[in-house]
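Observations on the model geometry
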Amino acid sequence: MVADTGAQASSVESSGSLTSMQAPLASALTWKVKSSDPLTSLMTINYGSKSLLNRFDGLGAAALRDVNNFSQSVSLLNADPVAGGDQVTLSIKMADGIDVKVNLDSKANSLSLQVSSGSKLGAADRAALAKLADGFQNAIDSMRDGSKLDFTGLLAYDSSLVSSIDVEAKTQFGTMPAQTQTFHVDHAKRSFTSDGPDSKVNVSVDLRQLAGMGNAQQRKVGMDAYLKQFDEAGIRGHANESTLATFKSAFQQMTGMASETTAVSNRPINLSDSDHALLTGLPDFDASMSNTPVASNPMRQNEVDTFSYQVSQSTNISGDSQRNRSISQKRHAHLEASFHESLGATPLALDNSKGPQNYYFKHVSEDRSSDTEIGYHNGMLVRATADEQITRTTQVLKYVMGILTDDSSTPEVSNTRRDLMTPSHLGI
């Protein structure tokens, strides 16, 4: 649930809220309900952990393996309430309409778990939930580090028994704004969001049009191309490394795994291997990442470091038959960023004095559009092209000893068209 575990450890040390962090004596604890059931026993063990991050170890999985209405909390006796902590909420809607919820809450002085179902669960539902247990636990553990997200087990849900899955994780240090992460999956959509004080990440995948999905090799090629594109945008825009890592991890999780319905088109028109070879192999999506603007130069508060990146893909398949079909795949990316760079090898150390005010302040605005068009007439390929347009403007302000010595703006435009009706492009 935490993007930076080191930050939490530092916060804990500085706040002094976890003075001992040693396993508390049983006599110093109080339970909502006196019990020796397995979940209560696990909560008692976890509460004695030296780290708040380990309070949920195995607890999410245990709650799903045998779902029963359950409510328990353990806390220090007569302890004052403490702000902040970790919260995880799992909401599952079963295909028969039953809602199942799991709530975990860990603060410096308390740990609680609630499990509930709207109606009595049958054997099939219980088995489907039990199969999600490890996946839920892996999701909880991975959300502590946004660069290593793992929703694989939840994405492999049994759609005949489960309609949708939602996970929300919140982490808060004292009274600071919370870091919130959400995951959602159903038959039509997958999504992940991360919203916190420093950055925002969003990846939303459309599962309604899956005919364009390729095989494993084609998906890998498409994935590698997108990840390279993201890295390049991160370099040009000076993206925060943590934000970029979370974005890439979320993108891989949401777009990279084929669902059980991937291979089946919901249209009477199916694509050939040659068609797939010309497309990205990935499902359609909308995604974005951004960093909170920062005025890093106290002498010029109007010079704000920013980074914002949006990327999307949409595929349209039309035609009156398999022999007369048209495929269009459009991709778009927009980068908007501004940042400070040192004039030389000396690292930036901007303050209110003129001495360190030797730097470039750059602003980059970039649009990248790609359009692949494929057409068949009477079963014959008659059109296969790929158009790409890149428009970029880079403005550079140069300061020496706090004095503006240069102001330049460089526009760039690139237009290319490729004929894809060649054996190499068609995979022949």
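Residues numbered from 1 in each chain as written. Predicted model: local features only at pLDDT ≥ 70, side-chain atom pairs only at ≥ 80, totals over all residues. Heavy atoms only, no water.

**Notes on the nonpolar core**
Side chains of a nonpolar character, in soluble globular proteins, are inclined to be buried together. Formed by 74 residues in total, the largest nonpolar core has its most connected members in Leu-64, Ile-92, Leu-113, Phe-151 and Ile-165. With residues up to four places along the chain from it excluded, the contact list for Leu-113 reads Leu-39, Met-43, Leu-59, Ala-63, Phe-70, Ser-71, Gln-72, Val-102, Asn-103 and Leu-104. Grouped together as the second largest cluster of nonpolar side chains are 12 residues, Leu-278, Leu-279, Ile-374 and Ala-386 included. (Core = buried A, V, L, I, M, F, W, Y, C linked by side-chain atoms within 4.5 Å. Buried < 20%, exposed > 50% of the residue type's maximum accessible area, 1.4 Å probe, protein only. Contact = heavy atoms within 4.5 Å.)

**Description of the packing of aromatic side chains**
Applying the stated rule across the entire model yields 11 aromatic pairs. Both rings, one in Phe-230 and one in Phe-247, keep their centres 4.9 Å apart while their planes meet at 65°; by these two values the pair is edge-to-face. Here Phe-230, found in helix α7 (residues 216-237), pairs with Phe-247, found in helix α8 (residues 241-256); they are 17 residues apart in sequence, far enough to count as distant. Taking relative accessible area as the criterion, Phe-230 reaches 0% and is therefore assigned buried. The ring centre of Tyr-47 lies 4.4 Å from the NZ or CZ of Arg-55, which sits over that ring. (Phe/Tyr/Trp six-rings, centres within 6.5 Å; stacked < 30°, edge-to-face > 60°. Helix = DSSP H or I, 4+ residues; strand = E, 2+ residues; numbered from the N terminus. Lys NZ or Arg CZ within 6 Å of the ring centre and 35° of its normal.)

**Quick notes on the pattern of salt bridges**
Scanning the entire structure with this criterion turns up 18 salt bridges. Across the pair Lys-248 and Asp-231 runs a salt bridge, and its minimum N-O distance is 2.8 Å. You can see Lys-248 sitting in helix α8 and its partner Asp-231 sitting in helix α7, a full 17 residues away along the chain. You can call Asp-231 partly exposed: its relative accessible area is 27%. Taking the shortest distance from any N to any O, the salt bridge between Arg-325 and Asp-275 comes out at 2.8 Å. Here the residue Arg-325 occupies a position in strand β12 (residues 325-342), and Asp-275 occupies one in helix α9 (residues 273-278), the gap between them amounting to 50 residues. Side by side, Arg-325 and Asp-275 carry an identical accessibility label, which is buried. Salt bridges here are not isolated pairs; linked through shared partners, they connect Arg-236, Glu-366, Arg-392 and Glu-412. (Salt bridge = Lys/Arg side-chain N within 4 Å of Asp/Glu carboxyl O.)

**Some points on empty space enclosed by the protein**
Per the counting criterion, the structure on display carries one cavity of 30 Å³ or more. When its volume is computed, the largest cavity comes out at roughly 40 Å³. Gln-209, Leu-210, Gly-212, Met-213, Leu-282, Pro-283, Asp-284, Gln-313, Thr-315 and Gln-329 together form the lining of the largest cavity. (1 Å grid on protein atoms, 1.4 Å probe; cavity = no way out; pocket = protein on both sides within 12 Å on 5 of 7 lines; lining within 4 Å. Points joined across faces, edges and corners; volume = space filled by probe spheres on them.)

**Re the confidence of the model for the protein chain**
Close inspection of predicted coordinates is inappropriate in any region flagged by low pLDDT. Residues with a pLDDT of 70 or more make up 89% of the protein chain, whose mean pLDDT is 88. Counted against residues more than four places away or in other chains, residues 1-25, with its pLDDT under 50, gives 49 contacts. Across residues 260-265 the pLDDT falls below 50, and counting only partners more than four positions away or on other chains, this stretch makes seven contacts in the model. (pLDDT = per-residue confidence, 0-100.)

**Topic: the side chain of Asn-297**
By the element assignment, Asn-297 lies in the loop between β10 (284-294) and β11 (305-319). Asn-297 gets classed as buried once you look at its relative accessible area, which sits at 0%. Separated by 2.9 Å, the side chains of Asn-297 and Gln-357 make a polar contact. Discounting chain neighbours no more than four positions away, the residues touching Asn-297 are Glu-303, His-340, Leu-350, Asp-351, Gln-357 and Tyr-359. (Polar contact = N/O pair within 3.5 Å; in protein donor to acceptor, adjacent residues only side chain to side chain.)

**A look at unusual backbone geometry**
Even without being glycine, Asn-378 reaches a positive phi, approximately 55°. For Asn-378, a relative accessible area of 42% corresponds to the partly exposed category. In this model, Met-401 sits at a positive phi of 55°, which is unusual for a non-glycine residue. Position of Met-401 among the secondary structure elements: in the loop between β14 (380-400) and β15 (403-419).

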